[in-house]
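# Notes for the structure review
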Amino acid sequence: MSVRRLAPALAVAALFLGGCASLAPQQVPAASVLSAADSVHLTGRLSVQTTGLNGRPSGGNVSFDLSGGPAAGLLELSTPLGSLVARARWDSSEVSLQTPEGERRFDNLDALTREMLGETVPLAALFDWLRGQPWPQATHEALPAPQSGFEQLGWRLDLARRAEGLIVASRNASPTVILRARLDAN
């Protein structure tokens, strides 16, 4: 397997397994993150599975805490045992990722999610998707009846179990990605 194909799997494994190293907990994000009209606060569990050209799946599970919106926000990922393994922040001036190994800066949210999850996930759209809505910045197409959901940005959003807090987003391009989010009741 080439290093290029192995890198996403290693990034996902490192974040999801996290070992003993973890970040210190933090207070609620700065008021600037939560003050925007489009601000949300969502928590739950996230599962990401990728299948590369070799056909082998890779991925893992984390708990997540997502605050803010596409313009400014905070995403924290924790292991199933509760260790905080990644904290991502973004606003108009910077995009950064803090892990137990240190802090890194990124050019945009796509580069950040590629580092955190092993594949690019449209984080700006994810805020709306997790609320069961298409992102208003791009066109979408409803899934044919009797299915519940829509397709947008090359992703298929299955909302059939949204009432239970489960949203499934899948991308069929290579590598395939399946992102399952189980939202906590707020």
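Higher on the page you've got the structure.
Below: a short report on this structure.

What counts as what
Each residue is numbered by its place in its chain's sequence as written, counting from 1. In view of the model being predicted, local features appear only for residues whose pLDDT reaches at least 70, and side-chain atom pairs are presented and counted only at 80 or more, with totals across whole chains, interfaces and linings using the full set of residues. Working from all heavy atoms in the structure, the side-chain values ignore hydrogens and water. Burial classes follow relative accessibility: with a 1.4 Å probe on protein chains only, a residue under 20% of its type's maximum area counts as buried, one over 50% as exposed, and anything between as partly exposed. Secondary structure elements follow DSSP: runs of H or I of four or more residues count as helices, runs of E of two or more count as strands, with numbering from the N terminus. By this definition, two strands are paired if DSSP reports at least two bridges between them. Put simply, buried Ala, Val, Leu, Ile, Met, Phe, Trp, Tyr and Cys residues joined by side-chain atoms within 4.5 Å make one nonpolar core. Residue contacts are counted whenever heavy atoms from the two residues lie within 4.5 Å of one another. Criterion for a salt bridge: a side-chain nitrogen of Lys or Arg within 4 Å of a carboxyl oxygen of Asp or Glu. Within this scheme a cavity is a closed region of a 1 Å grid, computed over the protein atoms alone, that accommodates a 1.4 Å probe without allowing it to escape, whereas a pocket is open but has protein on both sides within 12 Å along at least five of seven lines; lining residues each have an atom within 4 Å of a point. Grid points are joined across faces, edges and corners, and a volume is the space filled by probe spheres set on the points. Here the term charged refers only to Asp, Glu, Lys and Arg, the term nonpolar to Ala, Val, Leu, Ile, Met, Phe, Trp, Tyr, Cys and Pro, and the term polar to all other amino acids, Gly among them.

With that settled, the discussion passes to the pairing of strand β11 (residues 176–183). The two faces of β11 differ: Val177, Leu179, Ala181 and Leu183 on one face are buried, but Thr176, Ile178, Arg180 and Arg182 on the other face are not. Summarising the sheet, strand β1 (residues 40–51) and β11 pair through eight bridges and their orientation is antiparallel. For threonine 50, the partnering residue across the bridge sits in β11 and is valine 177. Judged from the six bridges that link them, strand β10 (residues 166–171) and β11 form a sheet pairing that is antiparallel. Note that in β11 the partner of alanine 169 across the bridge is leucine 179.

Counting 39 residues, the largest nonpolar core has Phe64, Leu75, Trp90, Leu112, Met116, Trp129 and Leu130 as its most contacted members. With six residues, the top contributor of residues to this core is helix α4 (residues 123–129). Ignoring any residue separated from it by four or fewer positions in sequence, one finds leucine 112 in contact with Ala88, Trp90, Val95, Ser96, Leu97, Phe106 and Leu123.

As a further point, take the pairing of strand β8 (residues 149–152). Bridging between strand β7 (residues 141–142) and β8 involves two bridges; their strand directions are antiparallel. Of the residues in β8, the one forming a bridge with glutamate 141 is glutamate 151. Linking β7 back to β8 in an antiparallel pair, the connection comprises six residues. When β8 meets strand β9 (residues 155–158), the two strands line up antiparallel, connected through four bridges.

We now examine the pattern of salt bridges. Evaluated as defined, the whole model comprises seven salt bridges. For arginine 45, the salt bridge goes to aspartate 184, with nearest N and O atoms at 3.5 Å. Taken together, the residues span a long stretch of sequence, with arginine 45 in strand β1 and aspartate 184 in the segment after β11 at a distance of 139 residues. When its relative accessible area of 43% is taken as the criterion, arginine 45 is described as partly exposed. Salt bridges sharing common partners tie together Glu94, Glu103 and Arg105.

It is worth spelling out empty space enclosed by the protein at this point. Under the definition given, this model contains one cavity of 30 Å³ or more. When its volume is computed, the largest cavity comes out at roughly 80 Å³. Every residue lining the largest cavity is counted, 10 residues in all, and those nearest its centre are Leu46, Phe64, Leu75, Leu123 and Leu126. Residue assignment for the lining of the largest cavity shows that the elements contributing at least two residues are β2 (57–68), α4 and β11. Residues that form the lining of the largest cavity fall into these classes: 10 nonpolar, no polar and no charged.

A word on unusual backbone geometry. Glycine aside, residues mostly have negative phi, and peptide bonds are mostly found in the trans state. At the junction of alanine 145 and proline 146, the peptide bond is cis and its omega measures out at 10 degrees in the coordinates. Tracing the sequence through the fold places proline 146 in the loop between β7 and β8. Of note in the backbone geometry, leucine 153 takes a positive phi value of approximately 55 degrees without being a glycine. Secondary-structure assignment places leucine 153 in the loop between β8 and β9.

A separate point is the environment of serine 78. Note that serine 78 resides in strand β3 (residues 73–78). You can call serine 78 buried: its relative accessible area is 16%. Among residues more than four places away in sequence, those in contact with serine 78 are Val62, Ser63, Ser83, Leu84 and Val85.

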